[in-house]
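# Structural overview for review
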Amino acid sequence: MKYLFSFFITTIIAVNGFAQEVGVGVSAQGDRTIYVPIKIDETFRVEPSIYYYKNKDTGDYNSTSESYELMIGIFNLSQQSDKSKIYYGARAGYSAYHYKYNSNHEHFEGYKIAPTIGLEYLLVENLTVAGDVSLNYSNLNGNDRTRENTTTDTELSVRYYF
C-alpha cells in the first residue's frame, strides 16, 4: 500500500510539472470523491482522485466498514462550444474494502477500472460543472476469495481550476 501511495504522489508531482492548469473538484452527489484535474493541454487531462468512506454501527450489530480508492483518470477532451467540452477515457487504480462484524473480519484489496464519458460546462471563469457516466469493474482479493463487481455509475461534479 505504501508503494502504491508513493507512486500515486510521484505521478501527481511529475504530471503537474507539465500541466497548464491544475484544479480541485468534488463530487456533488455525496460520492465522497475528491478530484485533482490536471490539464496537460486543451485536449488532454490527467485526473487523480481519492475516495474514502467509513461507517460504524454501534447498535446490536456492532459493525464497522471502510472503503477507499486511489485512482488516476486519463481523458481526451473535445470542445463542443465556447463553454462545453465532452471528455472520455478511463479511471484505474487501487481499491480496498474492510468489514468488521463482532469478531468476524474481512479485508479485500485489488484494482478498479472505470471507462468514463462526460460533459463539462464552464459556469464562470475557472469553475465548471460536469456530469459523467462510467462502467465500473473491480476485482478485490482477500479472505481466501475474490469479490468481482461490475456496476454503472453517474456522477455530478464541480471543479475549480487555479
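Residues numbered from 1 in each chain as written. Predicted model: local features only at pLDDT ≥ 70, side-chain atom pairs only at ≥ 80, totals over all residues. Heavy atoms only, no water.

## Brief notes about the overall build of the protein
- The secondary structure content of the protein amounts to 1 helix and 9 strands.
- The order of helices and strands in the protein, counted from the N terminus, is α-β-β-β-β-β-β-β-β-β.
- For the protein, with 162 residues in total, the buried portion stands at 36%.
- For the protein, long-range pairs separated by at least 24 residues make up 50% of all intrachain contacts whose partners lie at least 6 apart in sequence.
- Of the roughly 9,500 Å² that the protein leaves accessible, carbon and sulfur atoms contribute 57%. (Helix = DSSP H or I, 4+ residues; strand = E, 2+ residues; numbered from the N terminus. Buried < 20%, exposed > 50% of the residue type's maximum accessible area, 1.4 Å probe, protein only. Contact = heavy atoms within 4.5 Å. Areas by Shrake-Rupley, 256 points an atom, 1.4 Å probe, with all protein chains shown as cover.)

## Section: the pairing of strand 4 (residues 44-57)
- Of the pairings in the sheet, the one linking strand 2 (residues 33-35) to strand 4 comprises 3 bridges and is antiparallel in character. When the sheet's bridge partners are listed, I34 is paired in strand 4 with I50.
- In the sheet, strand 3 (residues 38-41) pairs with strand 4 via 3 bridges, with the strands oriented antiparallel. Opposite D41, over in strand 4, you have F44 as the bridge partner.
- As paired strands, strand 4 and strand 5 (residues 63-79) are joined by 14 bridges and run antiparallel to one another. Residue pairing across strands places Y53 opposite S67, the latter belonging to strand 5. (Pairing = 2+ DSSP bridges.)

## Focus on a nonpolar patch on the surface
- A surface patch of nonpolar side chains, about 530 Å² in accessible area, is lined by V24, V26, I34, V158, Y160 and F162.
- If you trace the backbone, V24 turns up in strand 1 (residues 21-27).
- Under the relative-accessibility criterion, V24 is labelled partly exposed at 37%. (Patch = residues over 30% accessible without salt bridge, like charges linked within 9 Å, V, L, I, M, F, W, Y side chains within 5 Å. Salt bridge = Lys/Arg side-chain N within 4 Å of Asp/Glu carboxyl O.)

## Topic: unusual backbone geometry
- One non-glycine residue, N143, adopts positive backbone phi at about 50 degrees.
- Tracing the backbone shows N143 in the loop between strand 8 (127-142) and strand 9 (145-161).
- A positive phi angle is found at D144, which is not glycine, with a value near 60 degrees.
- Mapped onto the elements, D144 comes out in the loop between strand 8 and strand 9.
- Here D144 falls in the exposed class, since its relative accessible area comes to 84%.

## What to know about the environment of Y87
- Along the chain, the position of Y87 falls in strand 6 (residues 84-101).
- For Y87, a relative accessible area of 0% corresponds to the buried category.
- Here the alpha-carbon distance between Y87 and L77, two residues 10 residues apart in the chain, equals 4.4 Å.
- At 2.9 Å, the side chain of Y87 and the side chain of D132 are in polar contact. (Polar contact = N/O pair within 3.5 Å; in protein donor to acceptor, adjacent residues only side chain to side chain.)

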